[in-house]
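# Structural characterization, general
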Amino acid sequence: MNSYLGLDGFSLGWVAAWIDERGDHGFDYSPGLMRLLAIPHARAMIDMPIGLKPSGYRECDLRAREIIGPAVFLGARRDVWTFSDMAEANRYYWKHEGKGRGVSAQLWNIRDKMREVDEIMTPARQATIGEAHPELIFWNLAGRVRLARKRSARGREQRIALLERRGFTCLSKWLTLRHGTGIGRDDLIDACACAVAARDSTQRVGGEEIDPRGLRMEINF
């Protein structure tokens, strides 16, 4: 029985949602990514950059941003976690790549998660573990229209309804069970979206660029 896995990072670690071909589904969480990737799966999608350039912006991020706007963070580079703080990183990038070519606070805050993914990814693993972006997934599931803001009550209702129609019928209950875990509401919703993409996605942006480690830079949805 094939299972499909979606993963997202949160402040204390990672959350995973899975769904199988019968429609059985569940979620789990862990401080470390590898324990969750050990859950048997035919395909996994993770909301974190896979494939990093030494400099410049990834083409897949630029193309995704044209579709869904600033929900896509720009500036994912392999050396971003080597700087002591965001100001130092941006001084370096502005000097070497031009003013405005730095990193946002949102991307800076996920730098350790990016590094964790980068350390375990290989071209062989990329055959079954892909990068996805929840907002691109929701845009596609909604008929290629943008939903209300994800942090608004309306936006949350829209996203939960889309996921419930695709098999995550327990999601509303799960959202009441996460208290005390550190998992944010949006983190669990996004992990479910990534699981749907792991099962159903056939589309992507990017894929033409290959990073120095042989990883494709693409975002599946």
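Attention in this report is confined to the structure presented alongside it. (Residues numbered from 1 in each chain as written. Predicted model: local features only at pLDDT ≥ 70, side-chain atom pairs only at ≥ 80, totals over all residues. Heavy atoms only, no water.)

### Focus on the sheet that holds strand 2 (residues 13–20)
- Across the sheet, five strands lie side by side as 3-2-1-4-5; this open sheet has mixed pairing. The open sheet has two edge strands, strand 3 (25–30) and strand 5 (129–131), and neither has a second partner. Neighbour-to-neighbour, the strand axes of the sheet open up by a mean angle of 20 degrees, direction not taken into account.
- Here three bridges tie strand 4 (residues 43–46) to strand 5, and the two strands are oriented parallel to one another. Looking at strand 5, one finds that Ile-46 is bridged to Glu-131. (Pairing = 2+ DSSP bridges. Helix = DSSP H or I, 4+ residues; strand = E, 2+ residues; numbered from the N terminus. Axes fitted to C-alpha atoms, helices over the stretch in contact; angles between N-to-C directions.)

### Digging into the layout of surface pockets
- Here the largest pocket is characterised by a volume of approximately 1100 Å³.
- What lines the largest pocket is a set of 42 residues, and nearest its centre among them are Asp-47, Ala-71, Phe-73, His-133 and Lys-150.
- Listed by contribution, the elements that provide at least two residues to the lining of the largest pocket are strand 1 (3–10), helix 2 (59–68), helix 4 (105–109), helix 5 (111–120), helix 6 (134–141) and helix 9 (185–200).
- Here the lining of the largest pocket is built from residues that sort into 18 nonpolar, seven polar and 17 charged. (1 Å grid on protein atoms, 1.4 Å probe; cavity = no way out; pocket = protein on both sides within 12 Å on 5 of 7 lines; lining within 4 Å. Points joined across faces, edges and corners; volume = space filled by probe spheres on them. Nonpolar A, V, L, I, M, F, W, Y, C, P; charged D, E, K, R; others polar.)

### Here we look at the nonpolar core
- Of all hydrophobic cores here, the largest spans 38 residues; its most connected members are Leu-136, Ile-137, Leu-163, Phe-168 and Leu-171.
- The set of elements that each furnish at least two residues to this core consists of strand 1, strand 2, helix 2, helix 6, helix 7 (153–165), helix 8 (171–177), helix 9 and strand 7 (216–220).
- Here this core takes ten residues from helix 9, the largest share from any one element.
- In contact with Phe-168, not counting residues within four places along its chain, are Ala-17, Trp-18, Ile-19, His-25, Leu-163, Trp-174, Cys-192, Ala-195 and Val-196.
- The next biggest cluster of nonpolar side chains, apart from the first, holds 28 residues, and it includes Leu-33, Met-48, Phe-83 and Met-114. (Core = buried A, V, L, I, M, F, W, Y, C linked by side-chain atoms within 4.5 Å. Buried < 20%, exposed > 50% of the residue type's maximum accessible area, 1.4 Å probe, protein only. Contact = heavy atoms within 4.5 Å.)

### Focus: the packing of helix 6 against helix 9
- Put simply, helix 6 and helix 9 touch, their axes get as near as 9 Å, and they point 65 degrees apart. Between helix 6 and helix 9 the crossing geometry is left-handed. Facing Pro-134, Ile-137, Phe-138 and Leu-141 of helix 6, the residues of helix 9 in contact are Ile-189, Asp-190, Ala-193, Cys-194, Val-196 and Ala-197.
- Among the residues forming the contact of helix 6 with helix 9, the class breakdown is nine nonpolar, no polar and one charged. (Left-handed = near helix turned anticlockwise from the far one by under 90°.)

### Considering the pairing of strand 1
- For strand 1, a buried count of eight out of eight residues is recorded, marking the element as mostly surrounded by other parts of the structure.
- Because side chains alternate across strand 1, one face comprises the buried residues Ser-3, Leu-5, Leu-7 and Gly-9, and the other comprises Tyr-4, Gly-6, Asp-8 and Phe-10, equally buried.
- Of the pairings in the sheet, the one linking strand 1 to strand 2 comprises eight bridges and is antiparallel in character. Bridged to Phe-10 within strand 2 is Gly-13.
- The loop that links strand 1 with its antiparallel partner strand 2 comprises two residues.

### A word on the packing of aromatic side chains
- This model, assessed by the stated rule, comprises six aromatic pairs.
- Seen in terms of ring centroids, Phe-27 and Trp-174 are 5.1 Å apart; in terms of plane orientation they differ by 50 degrees. Their pairing is tilted. Taken together, the positions of Phe-27 in strand 3 and Trp-174 in helix 8 put the pair 147 residues apart, joining distant regions of the chain.
- Residue Phe-27 is classed as partly exposed on the basis of its relative accessible area, which comes to 23%.
- Seen from their ring centres, Trp-139 and Phe-221 are 6.0 Å apart, and the 65 degrees between their planes marks the pair as edge-to-face. You can see Trp-139 sitting in helix 6 and its partner Phe-221 sitting in the segment after strand 7, a full 82 residues away along the chain.
- For Trp-139, a relative accessible area of 12% translates into the label buried.
- You can call Phe-221 buried: its relative accessible area is 8%.
- Of the aromatic side chains, those joined through ring pairs into one cluster are Phe-27, Phe-168 and Trp-174.
- Across from the ring centre of Trp-94, 3.9 Å away, lies the NZ or CZ of Lys-99, which sits over that ring.
- When the ring centre of Phe-138 is taken as reference, the NZ or CZ atom of Arg-159 above it lies at 5.6 Å. (Phe/Tyr/Trp six-rings, centres within 6.5 Å; stacked < 30°, edge-to-face > 60°. Lys NZ or Arg CZ within 6 Å of the ring centre and 35° of its normal.)

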